[in-house]
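Understanding the architecture of this molecule
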Amino acid sequence: QVQLVESGGGLVQAGGSLRLSCAASGRTFNNYAMGWFRQAPGKERDFVAFISRSGDNTFYAASVKGRFTISRDNAKNLVYLQMNSLKPEDTAVYYCAARRSVLVTTTPSEYEYWGQGTQVTVSS
């Protein structure tokens, strides 16, 4: 299994940027595809971004495409979410998640491991 810990959240003005990090334990990090999800109070957990095991394939929710970039450094067991041009509607707790399947998925229930989340707040 893999243990995930998110960091990098905070308060930012609309139009600003943040970079989230997700640190993974274990020696088999490169065997996991990774995703970022977010959840606002009273709402369901929504897909944000996906990256394949090698990092050569990415997929984004329409609401963040062109503004967010997911990347990974397998040598350091890290996955990142660079968030630019932030909007108030991006405010949420952001979670990283891992799955062993090679297939792209946007469904939270299909991810096996989850971090505890990091808060992102965007002021207007």
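Overview of the structure.

About the criteria used
- Residues numbered from 1 in each chain as written.
- Predicted model: local features only at pLDDT ≥ 70, side-chain atom pairs only at ≥ 80, totals over all residues.
- Heavy atoms only, no water.
- Buried < 20%, exposed > 50% of the residue type's maximum accessible area, 1.4 Å probe, protein only.
- Helix = DSSP H or I, 4+ residues; strand = E, 2+ residues; numbered from the N terminus.
- Pairing = 2+ DSSP bridges.
- Core = buried A, V, L, I, M, F, W, Y, C linked by side-chain atoms within 4.5 Å.
- Contact = heavy atoms within 4.5 Å.
- Salt bridge = Lys/Arg side-chain N within 4 Å of Asp/Glu carboxyl O.
- Axes fitted to C-alpha atoms, helices over the stretch in contact; angles between N-to-C directions.
- Disulfide = S-S within 2.5 Å.

Attention now moves to the pairing of strand E7 (residues 68-73). The side chains of a regular strand alternate between the sheet's two faces. Side chains Phe68, Ile70 and Arg72 project from E7 onto a buried face, and the interleaved Thr69, Ser71 and Asp73 project onto a face without burial. Pairing geometry for E7 and strand E8 (residues 78-83), over six bridges, is antiparallel. Looking at the pairing, Ser71 lines up with Tyr80 of E8. Between E7 and E8, which pair antiparallel one after the other, the connecting turn spans four residues, and Asn77 there sits at a positive phi close to 55 degrees.

Now for the nonpolar core. Core analysis: the biggest nonpolar cluster contains 36 residues, and Met34, Trp36, Leu81, Met83 and Tyr94 have the highest contact counts within it. Those elements that place two or more of their residues in this core are strand E3 (18-24), strand E4 (33-39), strand E5 (46-51), E7, E8, strand E9 (92-99) and strand E11 (118-123). Among all residues touching Tyr94, those that are not within four sequence positions of it are Glu6, Leu20, Trp36, Phe37, Arg38, Val48, Phe68, Leu81, Met83, Gly117, Thr118 and Val120.

Another point: the pattern of salt bridges. Two side chains with opposite charge may pair up if their charged atoms get near one another. Under the criterion given, the structure shown has three salt bridges. With a closest N to O distance of 2.8 Å, Asp90 and Arg67 form a salt bridge. Of this pair, Asp90 sits in the loop between E8 and E9 while Arg67 sits in the loop between strand E6 (58-60) and E7, placing them 23 residues apart in sequence. Taking relative accessible area as the criterion, Arg67 reaches 11% and is therefore assigned buried. Among the salt bridges present, the one from Glu110 reaches Arg99, with a minimum N-O distance of 4.0 Å.

The next subject is the sheet that holds E8. Here we have four strands laid out as an open sheet, ordered E1-E3-E8-E7, and antiparallel in their pairing. The sheet terminates laterally at strand E1 (4-7) and E7, the two strands that pair on one side only. Averaged over all pairs of adjacent strands, the angle between strand axes in this sheet comes to 15 degrees, irrespective of strand direction. Summarising the sheet, E1 and E3 pair through four bridges and their orientation is antiparallel. Opposite Leu4, over in E3, you have Ala24 as the bridge partner.

Let us now look at the state of the cysteines. Within this structure, the stated rule accounts for one disulfide. The disulfide bridge from Cys22 ends at Cys96, spanning 2.0 Å between sulfur atoms. One disulfide, between Cys22 and Cys96, carries an S-S torsion of 55 degrees and so falls in the right-handed class. On the criterion of sequence distance, the pair formed by Cys22 in strand E3 and Cys96 in strand E9 is long-range, its members being 74 residues apart.

Nothing here speaks to function; it is geometry throughout.
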